[in-house]
Amino acid sequence: MNSLQDKVTLITGAVSGIGEASARCMKEAGARLALADIQDGSELAAELDAIFIEVDVADHEAVEAMVARTVEHYGRLDVFVNNAGIEIHSPLVATTPEDHCRLIDVNLNGVYYGLQSAIRAMINNEGPDRGAIVNTASVAGLIGAPGLSSYNAAKGGVVLLTKNAALEVAAFGIRVNAVCPGIIRTPMAEGFEAMSGGMISLEEVGKTAHPMGRLGEAAEVAKLICFLASDDASFITGAAVPIDGGMTAGPSAGDFANLDMNG
Ligand code: NAD
């Protein structure tokens, strides 16, 4: 089933990791794509028969122009995936104002600008279902993580911004949801390895962090994003959905590894 057939879909951070996997998933589901990123994505755009828009999501005017370009090209906007993000690993007391402000500008303010521009465009659509927005938050928007103070602050903001926007636009037939991934195998996650000075591998981090004992894959998150963006999720709005191998459900699998499952 092509659950996003002909839906005009704009994805930020579309050139790598979760954004790229979402672009591929949405193409397969029949969407017409606009791929936006701060790094060049013309090759991927050509492969997926998409348009590429260069953008820094921290720049309010550039975000407005990104949405305007999508609407100019396709005539409308149906789905927006507010996904671009960066990460810094630094203890709270050691984080510089510059690093903190850049992270908030990209991961929180960029999402805010994207919501504003996308909602303004979707309001012009006709019918009861005028659009769907999916924000990429994180488990770090739900629980604290040492070394990720600015990231925690931004993603926590994204979770509540999702709920705010969902409430404000529900009556207009626009749904707004967030995904909250655990540790997903992408270039960003390689930062975890770097943080440990190479002492602990990404595989090992994934194994110990998630009760399911492994890393998540970008394609798994993409499937959730595609579902939330599609009409199959027609009664879901304001949700922040964990996709984290059980990480936010409670203590890690290791604590229960020796449980006798035979009663
Ligand atoms: P990634 O680094 O593979 O991809 C991020 C993309 O965003 C890149 O293509 C990058 O060029 C783009 N980008 C960065 N800054 C930008 C800016 N200012 N303007 C426009 N584009 C910009 O990382 P990913 O893991 O795919 O991350 C995607 C989203 O998922 C992010 O919001 C991230 O915070 C979130 N996330 C990732 C993980 C994980 O473990 N990988 C976990 C939870 C949440």
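That block above? That's the structure.
Structural notes, computed from the coordinates. Bear in mind that the values here come from a model prediction, so they are computed numbers and not experimental data.

In terms of helices and strands, the chain carries eight helices and nine strands. Computed over C-alpha atoms, the radius of gyration of the chain comes to 18 Å, within 12% of the 18 Å expected from 2.2 N^0.38 for 263 residues, which places it in the range of a compact globule. Each of the three principal axes of the chain carries a C-alpha extent, and together these read 55 × 50 × 35 Å. Sequence-distant contacts in the chain: of pairs separated by 6 or more residues, those separated by 24 or more amount to 68%. Charged side chains in the chain number 16 positive and 33 negative. The centres of these two groups are separated by 6 Å.

Attention shifts here to the layout of surface pockets. Of the voids in this model, the largest pocket is the one considered here, and its volume is about 980 Å³. Forming the boundary of the largest pocket are 47 residues, of which G85, E87, Y151, T186 and M188 lie nearest the centre. Elements with a minimum of two residues in the lining of the largest pocket: α1 (17-28), β2 (32-37), α4 (97-122), α5 (149-169), α6 (190-195) and α7 (202-209). Top contributing element to the lining of the largest pocket by residue count: α1, with three residues. When grouped by side-chain class, the residues that make up the lining of the largest pocket number 28 nonpolar, 14 polar and five charged. Lining the second largest pocket are 18 residues, with D129, R130, G131, G173 and R175 positioned closest to its centre. Of all the elements in the fold, those that place two or more residues in the lining of the second largest pocket are β5 (131-136) and β6 (174-181). Of the residues contributing to the lining of the second largest pocket, the split by class is seven nonpolar, four polar and seven charged.

The next thing to look at is the site of the ligand. In the vicinity of the ligand there are 28 residues, among which S16, I18, D37, Y151 and T186 approach most closely. G182 places a polar main-chain atom, nitrogen or oxygen, 3.5 Å from an oxygen atom of the ligand. When the free accessible area of the ligand is taken as 830 Å², the share hidden by the protein chains comes to 94%. According to the grid-proximity analysis, the pocket containing the ligand is the largest pocket. When residues of the shell around the ligand are traced back to their parent elements, those giving at least two are α1, α4 and α5. By residue class, the composition of the shell around the ligand is 14 nonpolar, ten polar and four charged.

The next point concerns the nonpolar core. L10, M66, L77, F80, L115, I133 and V176 are the most contacted members of the largest nonpolar core, which totals 37 residues. The dominant element in this core, judged by the number of residues it contributes, is α4, at eight residues.

Okay, the pairing of β2 next. A large share of β2 lies buried, amounting to five of its six residues. Across five bridges, strand β1 (residues 8-12) lies against β2 in parallel orientation. From the neighbouring strand, T12 faces β2, where its bridge partner is A36. Bridge analysis of β2 against strand β3 (residues 51-54) gives four bridges, and the strand direction is parallel. Counted as the bridge partner of A36 is I53 from β3. Read from β2 through helix α2 (residues 42-47) to β3, the crossover connection turns out right-handed.

Contact geometry of α4 with α5 gives a least axis separation of 9 Å together with a crossing angle of 15 degrees. Here α5 runs roughly parallel to α4, going by the angle between their axes. α5 is crossed by α4, and the crossing has right-handed handedness. Seen from α4, the contacting residues are H100, L103, I104, N107, L108, V111, Y112, L115 and I119; seen from α5, they are S150, Y151, A153, A154, K155, G157, V158, L161, A165 and V169.

The end-to-end C-alpha separation of helix α3 (residues 60-74) is 22 Å, in line with the 21 Å expected for 15 residues at 1.5 Å each. Listed in full, the buried residues belonging to α3 are V63, M66, V67, T70 and Y74. Buried positions in α3, seen along its axis, are confined to an arc of 85 degrees and lie on one side of it. α3 presents E61 and E72 as exposed residues on the side facing more than 90 degrees away from its buried surface. Those residues of α3 that are buried lie in contact with β1, β2, β3, β4 (79-82) and α4.

On to the environment of G13, then. When you line up the elements, G13 lands in the loop between β1 and α1. G13 gets classed as buried once you look at its relative accessible area, which sits at 12%. For the pair formed by G13 and C180, sequence separation is 167 residues and the distance between their alpha carbons is 16 Å. When residues no more than four places from it in sequence are discounted, the contact partners of G13 are G19, E20, A36, D37, N83 and A84.

Definitions and cut-offs
Residues numbered from 1 in each chain as written. Predicted model: local features only at pLDDT ≥ 70, side-chain atom pairs only at ≥ 80, totals over all residues. Heavy atoms only, no water. Helix = DSSP H or I, 4+ residues; strand = E, 2+ residues; numbered from the N terminus. Rg over C-alpha atoms; globule rule 2.2 N^0.38 Å. Contact = heavy atoms within 4.5 Å. Lys, Arg positive; Asp, Glu negative; His and termini not counted. Charge placed at Lys NZ, Arg CZ, Asp CG, Glu CD. 1 Å grid on protein atoms, 1.4 Å probe; cavity = no way out; pocket = protein on both sides within 12 Å on 5 of 7 lines; lining within 4 Å. Points joined across faces, edges and corners; volume = space filled by probe spheres on them. Nonpolar A, V, L, I, M, F, W, Y, C, P; charged D, E, K, R; others polar. Near = heavy atom within 4 Å. Polar contact = N/O pair within 3.5 Å; in protein donor to acceptor, adjacent residues only side chain to side chain. Areas by Shrake-Rupley, 256 points an atom, 1.4 Å probe, with all protein chains shown as cover. Sits in = over half its atoms within 2 Å of the grid points. Core = buried A, V, L, I, M, F, W, Y, C linked by side-chain atoms within 4.5 Å. Buried < 20%, exposed > 50% of the residue type's maximum accessible area, 1.4 Å probe, protein only. Pairing = 2+ DSSP bridges. Right-handed = clockwise from strand over helix to strand, strands pointing away. Axes fitted to C-alpha atoms, helices over the stretch in contact; angles between N-to-C directions. Parallel < 35°, antiparallel > 145°, perpendicular 65-115°, else oblique. Left-handed = near helix turned anticlockwise from the far one by under 90°. Expected span 1.5 Å × (residues − 1). Arc of directions from axis to C-beta.

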